[in-house]
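Residues per chain, in single letters:
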Amino acid sequence: MFETEGANAAWSRGADPGAAFLATAPVPSHGASLLSRSADAAGVIERASSEGQRLGDVAGVALHWALGIPLAGILARSLSGRRKAGAASRDGRPSRARVCVRSLEEEFGLPSKLAAMSNALKSLPNDRLRYQQLMALASKLPKMDPELKTPERKVPGCLSTVHVLASLQSDGTIKWQGDSDALISKGLVALLVTGLSDCTVEQICNVQPEFIKASGITASLTPGRNNGFFNMFKLMMQQARALCEAGASAAAVVAKGGAAAGDAAGSSEEAPVPAESKEWRLPELRIHNTMARAKEQLAPLKPGIVNMYVCGVTVYDLCHLGHARIMVFFDVVARYLGQRGYTVNYVRNVTDIDDKIIRRAAEGGESAEALARRMEVEMQKDAAALGCATPTCEPRVSETMPEILSMVKSLEEGQHAYAGAAIESQGSGGLDVYFRVRSFSNYGRLSRCSLDGNQAGARVEIGGGKEAPEDFALWKAAKAGEPSWESPWGAGRPGWHIECSAMAKKHLGDTLDIHGGGPDLLFPHHENEIAQSEAANGKPYAKLWMHCAAVRSSTGDEKMSKSLGNFVTIRQALQSYAGEAIRFYFLSSQYRQPLLYSEESLAQAQERLLKLYTSLRGVPLPPLPVGGGAAAETEVPAPEAWQRFHEAMSNDFDTVSAIAALNDLSRQLLQLRQAAEACSVAPAAAADLVPRIAAQLRAMGGSLGVLQRDPEEVLRGGAAADQEFEARIDGLVAERTAARKAKDWTRADAAKAELTELGVVLEDGANGTTWRVGALVS
């Protein structure tokens, strides 16, 4: 660098090292990048610091050499200022290094390279020169591979799009990459990427980001970007700490494995007990209860058993994404409760008799029963494509008539129901039966709705004979040509609300532990269920009410609904995305918040899921040791990620935070594999730890219903991948590899362009190039 023979000779003779340096160092042009020279000058600064105050002159002169501006005036002003400040060395001379170089380093904990560049910026007389130098540094920033610019590496809160990435080097230091689509932000990225590369995690975490202001980077220089800088720094700290955690896990296993093997030195010292052996208990499960508008602890009526009823689909057409979100969410609820050791009785009904079914069947020239059976099968196909397990029971309304009639009769006998007048125009002579709403004093407590101004009644218009407009139908007199069943009130069919009360009672008893559904069912459907069930049974209907918010249309921000015609069917979405990607998309948002449908967001969710599969690629996956039960909690190799995951899921099924824990563990797994490839972790230890972390990642994903497929199969296009297609891809990858070795960049770029056109993503690593598909395939 700058430690020329003249300077070294001066040091060895005890001569003035600053003068020796100036005599031998070349004078740079004013247009060159002072920040890159300042980074190099850090070597001189480090030596000056190690030699003591007398060699501070070398550091000061080296820094001003890096500035590339006339030295005489600035040195005179600098020396004058330091003498006034009383900065003296052992021999009484001003110590330039102590004031000029080490001030920011000491105050803000900067490593030498970043300190040199920061001081270089600070020494410039105005913002214009600082701006020029940041631009020059940005021009030297190595290009970041677009494939590395994933959402988790994107810096939030920036006016521009900024990405940063840390990777562990073989010597234990960190190598940084970064990029921005705006030049000034790119200069700040380059400042941190250059200044923090080749530093240890401890050095990086010691840095205080406020140094940027002390360096002279003001709001006038970077308008609106200061918050973005701090967010970038925060993300870099998170990545550095994640590397540190991965290293700590590896170290624990290395110590354990080394002791088991007697390690190279032959030590017989017992290995330290790894953190994974510490006892940890699952947190209590708290669920947001719509009735209380607060989170409550799950306390089933029968210990160890959860009875959950969820309102299902009216099967007259293909299901849309609003239905899909509810299916997926309550499937996750059932899965997670099962993983925690509960026996889950999950009932989701099928409404197979309804006015909409009758109308649609008439339009298509088929019976209502035939349409309902056909659409029920399609609904089950869609649910399976989304990875939803079959509920414990899927009762049909048409098969629950004895229980429905019994409940209506009980309500009539208790004066909570009454028969209306016969309507001759309907042709059957049967009677409508209504629930007397004002006989139930607690009506409205779930929805917080008052009876004044609300009609609690039917889903569709019904006949007359009601005592009050808020009363709703329990039984409807049959109309000509419609399906009907015999009853004490004549031929007819059940009303919309009574069916769920009867099916829930038949399969789960008088009181449910959890009742779920969509937000549009809260009133009147769920409110009416409570009234008729509690009036009939004399017991609370449900302990906890859960409502999964709607999917909103991207066209008008309205609830996706068949009646509005603004829906996307599950079948349509499956034409472009795998069911697992759609599932992951839903779970990437908080279930009680409406989800605005976006193709872009769905594509991003698919890419994040593929990244998780990539971290599992090529890892032998043993039987999962963490399936369920308290004992398994002590066996996980990465207990912090395991705890974060369960804390999230135990907090009202916070799948957003749970996925964040998955992403962090996936990064640790990739970093550990990189460290093993670089031989910075013992191969035997990595061979033990990597499959165990992969198994843990897969087990956590299993709670969400993702990451259960073969990673290699997923990343190469699914089970139905064409062998001829795979052979073509392998050939193009080999062609590109050969071209790169021959430095034939034109041929290499052409091969990559063809691969990209085929929807293939390349991943270059230490062990060569692998490929994966750019979209998930079922």
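What you see is a predicted model, and the numbers here were worked out from it, not measured in a lab.

*Asks:* Is there a simple way to think about the overall build of the protein in this case?
*Replies:* Along the protein, the regular secondary structure elements total 27 helices and 16 strands. Buried positions account for 53% of the 778 residues belonging to the protein. Counted over contacts in the protein with a minimum sequence separation of 6, partners at least 24 positions apart contribute 72%. Here the protein has roughly 32,600 Å² of accessible surface; of this, 51% comes from carbon and sulfur atoms.

*Asks:* Just to check I follow, could you spell out the sheet that holds strand β7 (residues 417–419) for this structure?
*Replies:* What the four strands build is an open sheet, ordered β7-β8-β9-β10; its pairing is antiparallel. In this open sheet, the two strands that pair with only one neighbour each are β7 and β10 (492–494). With direction set aside, neighbouring strand axes in the sheet form an average angle of 20°. Two elements, β7 and strand β8 (residues 433–435), share three bridges in a ladder whose sense is antiparallel. Along β8, the bridge assignment pairs alanine 417 with phenylalanine 435. Contacting β7, β8, β9 (472–477) and β10, helix α16 (residues 401–413) crosses the sheet at an angle of about 120° to β9.

*Asks:* Help me understand the packing of aromatic side chains, please; the structure alone is not making it clear to me.
*Replies:* Geometrically, a pair of aromatic rings is defined through the distance of the ring centres and the angle of the planes. Applying the stated rule across the entire model yields ten aromatic pairs. When the centroid spacing of 4.0 Å and the interplanar angle of 15° are considered together, the rings of phenylalanine 329 and tyrosine 591 count as stacked. Here the residue phenylalanine 329 occupies a position in helix α13 (residues 321–339), and tyrosine 591 occupies one in the loop between α20 (579–587) and β14 (595–596), the gap between them amounting to 262 residues. Assigned by exposure class, phenylalanine 329 and tyrosine 591 land together as buried.

*Asks:* Mind showing me how you'd approach the pairing of strand β11 (residues 512–517) here?
*Replies:* The side chains of a regular strand alternate, first on one face of the sheet and then on the other. For β11, the buried fraction is high: six of the six residues fall into the buried class. Bridge analysis of strand β5 (residues 305–310) against β11 gives three bridges, and the strand direction is parallel. In the strand pairing of β11, valine 310 is matched with glycine 516. As defined by bridge partners, β11 adjoins strand β12 (residues 542–547) across five bridges and the pair is classed as parallel. Each residue of the ladder has a partner; that of histidine 515, found in β12, is tryptophan 545.

*Asks:* Got a minute to help me understand the pattern of salt bridges in this structure?
*Replies:* It is possible for side chains bearing opposite charge to pair when their charged atoms get close. Taken as a whole and judged by the stated rule, the model has 35 salt bridges. Here aspartate 331 ties to arginine 335 by a salt bridge, and the two come within 2.7 Å at their closest N and O atoms. With aspartate 331 and arginine 335 both in helix α13, this residue pair falls four residues apart, about one helical turn. Assessed through its relative accessible area of 28%, arginine 335 is described here as partly exposed. Between glutamate 363 and arginine 360 there is a salt bridge, with the nearest N and O atoms lying 3.7 Å from each other.

*Asks:* Help me out: how do you make sense of the side chain of arginine 348 in this one?
*Replies:* Topologically, arginine 348 is positioned in strand β6 (residues 343–348). Overall, arginine 348 belongs to the buried group, its relative accessible area being 7%. Of the polar contacts made by the side chain of arginine 348, one reaches the side chain of glutamate 394; its length is 3.0 Å. Those residues in contact with arginine 348 that lie beyond four places of it in its chain are Val310, Gly312, Met327, Met379, Ala383, Pro391, Cys393, Glu394 and Pro395.

*Asks:* In this structure, what is going on with the packing of α16 against helix α18 (residues 522–537)? I would like to understand it.
*Replies:* To characterise two packed helices, one gives the angle between the axes of the helices and the distance between these axes. It is the contact of α16 with α18, at a shortest axis distance of 9 Å, that shows an interaxial angle of 75°. Here α16 lies roughly perpendicular to α18, going by the angle between them. Between α16, through Met407, Ser410 and Leu411, and α18, the contact on the second element is made entirely by Gln532, Ala535, Ala536 and Asn537.

*Asks:* Explain helix α21 (residues 599–616) here, please?
*Replies:* For α21, built from 18 residues, the straight-helix expectation of 26 Å at 1.5 Å per residue is met to within 8% by its first-to-last C-alpha distance of 26 Å. What α21 keeps buried is the set Leu602, Ala605, Gln606, Arg608, Leu609, Leu610, Lys611, Leu612, Tyr613, Thr614, Ser615 and Leu616. With a side-chain oxygen lying 3.3 Å from the backbone nitrogen of glutamate 600, the N-terminal cap of α21 falls on serine 598. Residue glycine 618 follows α21 closely and has a positive phi angle near 75°.

*Asks:* What's the story with helix α24 (residues 683–704) in this structure? I'm lost.
*Replies:* Given 3.6 residues per turn, any residue in an α-helix points the same way as the ones three and four places further on. For α24, which comprises 22 residues, the first-to-last C-alpha distance of 32 Å matches the rise-based estimate of 32 Å (1.5 Å per residue) to within 8%. The element α24 is extensively covered by neighbouring structure, given that 17 of its 22 residues are classed as buried. Where α24 ends, the next residue or the one after it, glycine 705, has phi of about 80°, a positive value.

Reading the values: the criteria
Residues numbered from 1 in each chain as written. Predicted model: local features only at pLDDT ≥ 70, side-chain atom pairs only at ≥ 80, totals over all residues. Heavy atoms only, no water. Helix = DSSP H or I, 4+ residues; strand = E, 2+ residues; numbered from the N terminus. Buried < 20%, exposed > 50% of the residue type's maximum accessible area, 1.4 Å probe, protein only. Contact = heavy atoms within 4.5 Å. Areas by Shrake-Rupley, 256 points an atom, 1.4 Å probe, with all protein chains shown as cover. Pairing = 2+ DSSP bridges. Axes fitted to C-alpha atoms, helices over the stretch in contact; angles between N-to-C directions. Phe/Tyr/Trp six-rings, centres within 6.5 Å; stacked < 30°, edge-to-face > 60°. Salt bridge = Lys/Arg side-chain N within 4 Å of Asp/Glu carboxyl O. Polar contact = N/O pair within 3.5 Å; in protein donor to acceptor, adjacent residues only side chain to side chain. Parallel < 35°, antiparallel > 145°, perpendicular 65-115°, else oblique. Expected span 1.5 Å × (residues − 1).

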